[in-house]
Amino acid sequence: MTKLNQHKKLWIMAAALLLIVAAAAIIFYAAGHGRLILSNASTGKVYAEYTVGDGDTFSVGFVHSVNKSPLIDYYTLKPDGIYVEKTVYYGFGAGVQTELEDGQTLEYGDDGSMIVSGFDKRMDNLIYFVGTVSDHTLTINDGEGISLRDLCGRNAEVRFSYKHFLRL
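Note that this is a predicted model, so its numbers are computed, not measured. (Residues numbered from 1 in each chain as written. Predicted model: local features only at pLDDT ≥ 70, side-chain atom pairs only at ≥ 80, totals over all residues. Heavy atoms only, no water.)

**Thoughts on the sheet that holds strand 2 (residues 46-53)**
Then, in step 1: Pairing is antiparallel across the open sheet formed by four strands, whose spatial order is 2-1-11-8. Two strands in the sheet have a free side with no partner beyond their single neighbour: strand 2 and strand 8 (126-129). Looking at each pair of strands side by side, their axes are set apart by 25° on average, direction ignored. (Pairing = 2+ DSSP bridges. Helix = DSSP H or I, 4+ residues; strand = E, 2+ residues; numbered from the N terminus. Axes fitted to C-alpha atoms, helices over the stretch in contact; angles between N-to-C directions.)

**Some details on the pairing of strand 7 (residues 114-122)**
Then, in step 1: Inspection of the sheet shows strand 5 (residues 81-89) paired to strand 7 by six bridges, in the antiparallel sense. Looking at the pairing, Val 84 lines up with Lys 121 of strand 7.
Then, in step 2: The pairing of strand 6 (residues 105-108) with strand 7 spans four bridges and is classified as antiparallel. Residue pairing in the sheet places Tyr 108 in a bridge with Met 114 of strand 7.
Then, in step 3: Taken together, strand 6 and the strand that follows it, strand 7, pair antiparallel across an intervening segment of five residues, in which Gly 112 is found at a positive phi of about 90°.

**Some details on the sheet that holds strand 3 (residues 57-63)**
Then, in step 1: Across the sheet, which stays open at both edges, the seven strands sit in the order 6-7-5-4-3-9-10 with antiparallel pairing between neighbours. On the outer flanks of this sheet lie strand 6 and strand 10 (146-147), each paired with one strand and no other.
Then, in step 2: Relative to strand 9 (residues 137-140), strand 3 runs antiparallel, the two sharing four bridges. Bridge pairing in strand 9 places Phe 58 opposite Ile 140.

**Side note on the pattern of salt bridges**
Then, in step 1: Summed over the entire model, instances satisfying the criterion amount to four salt bridges.
Then, in step 2: Where Glu 49 meets Arg 35, a salt bridge forms, and the shortest distance between an N and an O atom there is 3.2 Å. Taken together, the residues span a long stretch of sequence, with Glu 49 in strand 2 and Arg 35 in strand 1 (residues 33-40) at a distance of 14 residues.
Then, in step 3: Residue Arg 35 is classed as partly exposed on the basis of its relative accessible area, which comes to 23%.
Then, in step 4: In this structure, Asp 124 engages Arg 122 in a salt bridge whose closest nitrogen and oxygen atoms are separated by 2.7 Å.
Then, in step 5: The class for Asp 124 is exposed, based on a relative accessible area of 61%.
Then, in step 6: A cluster of three or more residues bridged by salt bridges with shared partners is formed by Asp 80, Arg 122 and Asp 124. (Salt bridge = Lys/Arg side-chain N within 4 Å of Asp/Glu carboxyl O. Buried < 20%, exposed > 50% of the residue type's maximum accessible area, 1.4 Å probe, protein only.)

Dropping the structure here:
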């Protein structure tokens, strides 16, 4: 093999390796990203969008309108949508879950909370009605709480959706 052919072969191998590394980087960077979108359930007006990714979590906390105790719903983002994972209650009463379904568990937190988990249920139409007396608070990945009353207004009918995409 001539020196020219050896250099040509090395250049081809180097280019192929570079393409493989670049493709792996693009796949790693692009996979599993999306937007958590909060919109008006009636009009479709978008209140806010947040950059999130598969496996990210968010919660919505509020004071239950009937039993007047705090309640927090926890969700996980997966490529095909939003999944409810657990609910934390601080008091029983009308409108809160009183029986466990198959696969669900009840634990008690150190703060006296009741934690029902094991839902893993996709929520295709997740809507919250923002309170007039008490606020609803959105927390993404254990970040700072976001007031839905300030963001969307009192009595807003807020739809949560997850748009999964490849970021290239």
